[in-house]
Amino acid sequence: MEYKIGTDARCAVIGHGSWATALVKLLTAGGRRVGWYVRNGEVLESLRAEGRNSRYLDDTEFDRDRIAPSDDLDAVVREAEVVILAAPSAYLKTFLEPLRTPLRDKFVVSAIKGIVPGDYQTVVEYIHDRYELSYKQIGLISGPSHAEEVSRGKLSYLTVACTDPENARLIGSRFATDSVRISCSTDLYGIEYAAILKNIYAISVGMAVGLGYGDNFLAVLIANCAAEMTRFLDGSYPAQRNTQVSAYLGDLLVTCYSTYSRNRRLGLLIGHGCTVRSALNEMTMVAEGYFAADCIRHINFRHRVEMPIAEMVYDVLYRGASARLRMKELTTKLI
Ligand SMILES: NC(=O)C1=CN([C@@H]2O[C@H](COP(=O)(O)OP(=O)(O)OC[C@H]3O[C@@H](n4cnc5c(N)ncnc54)[C@H](OP(=O)(O)O)[C@@H]3O)[C@@H](O)[C@H]2O)C=CC1
Ligand SMILES: O=C(CO)COP(=O)(O)O
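Residues numbered from 1 in each chain as written. Chains lettered and ligands numbered in written order. Predicted model: local features only at pLDDT ≥ 70, side-chain atom pairs only at ≥ 80, totals over all residues. Heavy atoms only, no water.

## Describing the packing of helix H9 (residues 215-236) against helix H14 (residues 308-318)
Part 1 of the reasoning: In contact at an axis separation of 8 Å, H9 and H14 are set at 105° when each is read in the N-to-C sense. Judged by the inter-axis angle, H9 sits roughly perpendicular to H14. Note on element contacts: H14 touches H9 through Pro 308, Ile 309 and Ala 310, opposite Leu 221, Asn 224, Cys 225, Glu 228 and Arg 231.
Part 2 of the reasoning: Partitioned by chemical class, the residues of the contact of H9 with H14 number five nonpolar, one polar and two charged. (Axes fitted to C-alpha atoms, helices over the stretch in contact; angles between N-to-C directions. Helix = DSSP H or I, 4+ residues; strand = E, 2+ residues; numbered from the N terminus. Parallel < 35°, antiparallel > 145°, perpendicular 65-115°, else oblique. Contact = heavy atoms within 4.5 Å. Nonpolar A, V, L, I, M, F, W, Y, C, P; charged D, E, K, R; others polar.)

## Some points on the site of ligand 2
Part 1 of the reasoning: By nearness alone, 13 residues border ligand 2, and Lys 198, Asp 251, Ser 261, Arg 262 and Asn 263 come closest of all.
Part 2 of the reasoning: Take His 146: an N or O atom from its side chain is 3.3 Å from an oxygen atom of ligand 2.
Part 3 of the reasoning: Here an oxygen atom of ligand 2 sits 2.6 Å away from a polar atom, N or O, in the side chain of Arg 262.
Part 4 of the reasoning: Across the complex, the protein chains shield 94% of the 310 Å² of accessible surface that ligand 2 would expose by itself.
Part 5 of the reasoning: Under a 2 Å grid-point criterion requiring more than half of the atoms, the pocket assigned to ligand 2 is the largest pocket. (Near = heavy atom within 4 Å. Polar contact = N/O pair within 3.5 Å; in protein donor to acceptor, adjacent residues only side chain to side chain. Areas by Shrake-Rupley, 256 points an atom, 1.4 Å probe, with all protein chains shown as cover. 1 Å grid on protein atoms, 1.4 Å probe; cavity = no way out; pocket = protein on both sides within 12 Å on 5 of 7 lines; lining within 4 Å. Sits in = over half its atoms within 2 Å of the grid points.)

## Looking at the domain arrangement of the chain
One frequent convention defines the size of an interface as the accessible area lost when the parts assemble.
Part 1 of the reasoning: With domains assigned, the chain is organised as domain 1 (11-186) and domain 2 (197-331).
Part 2 of the reasoning: Between the C-alpha centres of domain 1 and domain 2 the distance comes to 25 Å.
Part 3 of the reasoning: Contacts between domain 1 and domain 2 engage 21 residues on the former and 21 residues on the latter.
Part 4 of the reasoning: Both sides together, the interface formed by domain 1 and domain 2 hides about 1,800 Å², and carbon and sulfur atoms give 64% of it.
Part 5 of the reasoning: Joining domain 1 to domain 2, the criterion identifies one salt bridge.
Part 6 of the reasoning: Inspection of the domain 1/domain 2 interface yields three residue pairs in polar contact (both at pLDDT 80 or more).
Part 7 of the reasoning: Grouping the amino acids of the side of domain 1 that touches domain 2 by side-chain chemistry returns nine nonpolar, eight polar and four charged. (Domains from an automatic or database assignment. Buried area = accessible area lost by both parts, 1.4 Å probe. Salt bridge = Lys/Arg side-chain N within 4 Å of Asp/Glu carboxyl O.)

## Overview of the layout of surface pockets
Part 1 of the reasoning: The computed volume of the largest pocket comes to approximately 860 Å³.
Part 2 of the reasoning: Lining the largest pocket are 36 residues, and of these Pro 88, Arg 262, Met 285, Val 286 and Glu 288 lie nearest its centre.
Part 3 of the reasoning: Elements represented by at least two residues in the lining of the largest pocket include exactly helix H1 (18-29), helix H6 (147-151), helix H8 (188-211), helix H10 (246-257), helix H11 (262-271) and helix H13 (288-303).
Part 4 of the reasoning: Residues of the lining of the largest pocket, tallied by class, amount to 19 nonpolar, ten polar and seven charged.
Part 5 of the reasoning: Split by domain, the residues of the lining of the largest pocket number at least three in each of domain 1 (11-186) and domain 2 (197-331). (Points joined across faces, edges and corners; volume = space filled by probe spheres on them.)

Structure (structure tokens):
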């Protein structure tokens with residue numbers, strides 16, 4: 001089925017964490033009213049009363065006339081044509097569980113950089129199967145984009161991917177602001193997996209920093225992460241794609257180097273000697289790479305791509321392997 005998004009399509013965002021908050025901020029900049037599913041009562045109250053999210057990016061102010069926060073998921077979805085998913089992948093099913101309104105006639109955009117645990121499917125694959133949507137009705141927004149910077153107007157470049165370039169352009173125009181530039185792509189598969197993999201690699205980089213490796217080694221590690229990412233994409237779904245551009249390499253670099261990165265921070269805590277459990281408990285925000293490390297290993301059983309860095313991260317996170325020993329072993333495999 002062809003799907004053309006209407007020029008006046010109303011957008012709604014599902015989720016109330018940092019990324020959902022930053023995305024709503026962008027969407028309201030164009031002057032349109034944005035639907036917003038907020039399942040947390042405290043956050044809902046603060047948005048309604050003060051026009052800010054009390055738990056995430058609380059310095060971001062909203063014009064209350066431009067947001068329609070609600071804890072009624074059906075009402076939010078019913079009134080929207082474009083539904084933007086921005087909850088962590090591990091809790092996506094929890095967020096969508098109350099939904100009774102069919103998504104059949106909607107366009108769904110995933111802003112999520114993770115895999116649905118248990119199902120071992122990307123969000124695009126999960127939405128396609130579970131809600132019976134054509135891939136032509138599903139898009140992605142990705143790219144190097146820490147919510148903290150996007151919400152504060154720091155120059156950022158995002159990529160919107162849809163099978164139909166016209167839909168990508170229309171969605172992109174809703175997110176574009178003076179500080180956010182948009183590129184369009186049709187590589188749903190490659191961009192979604194690149195965003196998932198970079199989280200695992202940022203954990204490896206955080207571990208290396210925590211273990212005391214220096215900048216010279218980090219550059220080698222990240223160069224090998226980039227090569228491993230490309231090898232996985234080409235080995236699992238060959239296509240004409242340039243993985244040197246920002247939706248692939250750029251997102252990897254920002255997550256590996258930025259102090260805002262939650263995935264890098266998780267790795268850093270482990271590198272400093274925390275157990276995986278205590279590192280996860282220390283995190284106030286979600287590190288998608290933790291779930292992705294397990295999911296990618298499972299998915300890669302089918303593809304058999306050589307992924308020594310993702311395997312090292314898996315062994316440390318899930319098999320109780322020593323980060324120090326596994327990183328040392330990895331150093332013999334990098335070029
Ligand atoms: N943050 C960023 O810079 C970017 C994030 N993304 C992606 O966006 C997605 C959302 O991430 P982000 O907004 O950063 O997440 P946050 O860590 O900011 O927010 C976490 C969200 O998950 C909910 N949550 C946490 N634990 C549970 C649980 N046990 N059960 C149910 N819900 C829970 C929280 O609800 P509550 O507050 O009620 O606990 C909150 O809504 C991820 O896929 C991420 O990779 C993409 C680009 C940039
Ligand atoms: O996707 C992101 C930046 O593009 C956010 O990365 P972290 O989840 O590691 O903070």
